[in-house]
Structure formats: structure tokens, C-alpha cells
Amino acid sequence: MIAHYLEAIYYMRAEGEAVRSARVADWLSVSRPTVTAGLRRMARDGMVRLNVRKEIELTPRGEAAAAGVVRKHRIVERWLTDALGLDWVTADREAERLESALSELVADKLHRVMGKPATCPHGNPIPGVSVMRPDELRLSALPAGQSGTITRISEVAQREAPPLLQYLHDRGLKPGTRIVVQEVDEVGRTMRLRGARLLTLSTETAAKLSVVRSARPKAAPARARG
């Protein structure tokens, strides 16, 4: 289904990945010849093109179509979690089923009824409403002794490892949670941090979370002697 191709390319690009046909095949769990045929149709329809590095890019037409698919998915996810009380993993799976049947009219109405949320439950921006913060960095890049606030969970990680969503949710690692990195083990490739509770994450898992570094408090001005 073309919508799934568009969605995969959109997500991978958002995470800074080089998008190639083999990577799309892995994402969608289909054969590489199947992806090649699908991308050929999309190129014919003016939705994708190859750049000089042989990476897949969305054309303006493809960008608009992909953003529309992602927007519906994230609006439905928000509705399923906030209004119906579904957990993250179930909401993501059900949104995948519902998004293709949702019209733009219904998506707009649903978004307004919910108070026009800016992100999905995992903190990823809803296209046309908000964008990723330019000051984000991966949690794995935050050094010991520094703190930050979780902003979002990688959409790529969600799709490749659904249990990761439940793992993070159960440990209170959600958008808006403030964390303090207490120790970084470069050899063991782990991070010890204080969030909703004290826990240890692999740096691989920490790389799936984006944070905004906390502002350092300004030093108090020195008092004049006398």
C-alpha cells in the first residue's frame, strides 16, 4: 500500500536516516523486489525521486501525501489514548488500521474536539500543527551530571520494536518527564538516570528518546566587599 511506503519514508527521514529501498523493505517486512516495484510506481506518479547519493526523497507531492497519512495516524493515536484510554502499544496498532479509513473532514473534526493537540502520545509533532524542536538531542548524548526533559520517542523505534513502547511507558519515560543523568558507563554502554524513578538504560535504548537539555542556572552576581 502506497500510504505505508510514504509513512515509512517520512518517519525515517525525520530521524535523520538515509532512506534506501533495502531499508524500506526491512521496515515494511516485504521483499526488496516488492519495494522496488512500489517505489517505481511512486516515482512514475511524481511522489519520490533519487538524489545524487541514490537515497529516496519525497517530492513536494509526496511530502504532502506523506504528511497527510502521518497526521491522521497521530490524531487517531491521541484520540485512542486520551479519549478511550488505550495503552501506547494498542493505540499505535489500532491507529495503523484506522488511519486509511479516516477522511480529512473527520480527522479535522476529531482534532478540534480534542482541543487541537500538537503531538501524538509519544511526543512526535502532528504535521501542520507543530514541528520538532531544534534544540532536541538524543538522551544518549546527554553527559553525566546534566538534566533534561523528554520530548518524544522515535517513531522508527516504535515500529521496529513495539515492546519498547511498553517498556518506556512502564518506567515512566514519557514526554514531559524530567530526567537527570547520574552516570554514563562508556564500556558497558549503559546510562544510569533518575526520572520517575532510578533506572539504568542501554545507550541503544536511550538513543530512541529525544530530550531538551535543562537550562543551567545563572551564577549569582558577586557581592561587593565593604
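Refer to the structure printed above.
Residues numbered from 1 in each chain as written. Predicted model: local features only at pLDDT ≥ 70, side-chain atom pairs only at ≥ 80, totals over all residues. Heavy atoms only, no water.

> Break down the sheet that holds strand 6 (residues 190–194) for me, citing the residues and quoting the values.
Two pairing modes exist for strands in a sheet, parallel and antiparallel, and in both the strands are linked by backbone hydrogen bonds. On the basis of which strands lie adjacent, the open sheet formed by 6 strands has the order 3-8-4-5-6-7 and antiparallel pairing. With one partner strand each, in any of the chains shown, strand 3 (136–138) and strand 7 (198–202) form the two edges of the open sheet. Neighbouring strand axes in the sheet, compared pairwise and without regard to direction, differ in orientation by 45° on average. Pairing of strand 4 (residues 147–153) with strand 8 (residues 209–213), which is carried by 5 bridges, proceeds in the antiparallel orientation. Paired with Ile 150 across the strands is Val 211, a residue of strand 8. (Pairing = 2+ DSSP bridges. Helix = DSSP H or I, 4+ residues; strand = E, 2+ residues; numbered from the N terminus. Axes fitted to C-alpha atoms, helices over the stretch in contact; angles between N-to-C directions.)

> Give a detailed account of the environment of Arg 23, specifying residues and quantitative values.
With respect to the element layout, Arg 23 can be found in helix 2 (residues 21–28). Its relative accessible area of 19% is what places Arg 23 among the buried residues. Separated by 18 residues in the primary sequence, Arg 23 and Arg 41 have C-alpha atoms spaced 18 Å apart. (Buried < 20%, exposed > 50% of the residue type's maximum accessible area, 1.4 Å probe, protein only.)

> So what's going on with the pairing of strand 6? Residues and values would help.
Residues Met 191 and Leu 193 point to one face of strand 6 and are all buried, whereas Thr 190, Arg 192 and Arg 194, pointing to the other face, are not buried. In this structure, strand 5 (residues 178–185) lies alongside strand 6, joined through 5 bridges in antiparallel fashion. Across the sheet, Glu 183 pairs through a bridge with Arg 192, a residue of strand 6. The antiparallel hairpin formed by strand 5 and strand 6 contains 4 residues in its connecting segment, where Arg 189 sits at a positive phi of about 55°.

> Describe the side chain of Arg 71, naming the residues involved and giving the relevant values.
Within the fold, Arg 71 resides in helix 4 (residues 60–82). One polar contact links Arg 71 to Glu 104, side chain to side chain, over a distance of 3.3 Å. When sequence neighbours within four positions are dropped, the list of residues in contact with Arg 71 reads Glu 104, Ala 107, Asp 108, Ile 126 and Pro 127. (Polar contact = N/O pair within 3.5 Å; in protein donor to acceptor, adjacent residues only side chain to side chain. Contact = heavy atoms within 4.5 Å.)

> Please provide a residue-by-residue account of the packing of aromatic side chains, values included.
Across all of its chains, the model carries 2 aromatic pairs by this definition. Residues Tyr 10 and Tyr 11 carry aromatic rings whose centres are separated by 6.3 Å and whose planes lie at 85° to one another, so their mutual orientation is edge-to-face. Of the aromatic side chains, those joined through ring pairs into one cluster are Tyr 10, Tyr 11 and Trp 27. For Arg 13, the ring lying beneath its charged end belongs to Tyr 10, and the centroid distance is 5.2 Å. (Phe/Tyr/Trp six-rings, centres within 6.5 Å; stacked < 30°, edge-to-face > 60°. Lys NZ or Arg CZ within 6 Å of the ring centre and 35° of its normal.)

> Lay out the pattern of salt bridges with the relevant residues and their values.
The final tally for this structure, using the stated rule, is 15 salt bridges. The partner of Glu 63 in a salt bridge is Arg 13, with the nearest N and O atoms 2.4 Å apart. On the criterion of sequence distance, the pair formed by Glu 63 in helix 4 and Arg 13 in helix 1 (residues 2–14) is long-range, its members being 50 residues apart. Here Arg 13 falls in the partly exposed class, since its relative accessible area comes to 39%. Ionic pairing is found between Glu 136 and Arg 152, a salt bridge with its closest N-O pair at 2.9 Å. With a gap of 16 residues between them, Glu 136 in strand 3 and Arg 152 in strand 4 connect regions that are remote in the sequence. Considered together, Glu 136 and Arg 152 belong to a single accessibility category, that of buried residues. (Salt bridge = Lys/Arg side-chain N within 4 Å of Asp/Glu carboxyl O.)

> Quick one: what's the story with the nonpolar core, residue by residue and with numbers?
Most often, soluble globular proteins have nonpolar side chains that are buried together. Formed by 22 residues in total, the largest nonpolar core has its most connected members in Ile 9, Met 12, Val 24, Leu 39, Met 42 and Ile 56. Put simply, the parts of the chain that give this core at least two residues each are helix 1, helix 2, helix 3 (32–44), strand 2 (56–58) and helix 4. Top element by residues in this core is helix 1. It accounts for 7 residues. Among all residues touching Met 12, those that are not within four sequence positions of it are Glu 17, Val 19, Arg 23, Val 24, Trp 27 and Val 156. Listed in part, the 21 residues of the second largest apolar core include Trp 88, Leu 137, Leu 139 and Val 181. (Core = buried A, V, L, I, M, F, W, Y, C linked by side-chain atoms within 4.5 Å.)

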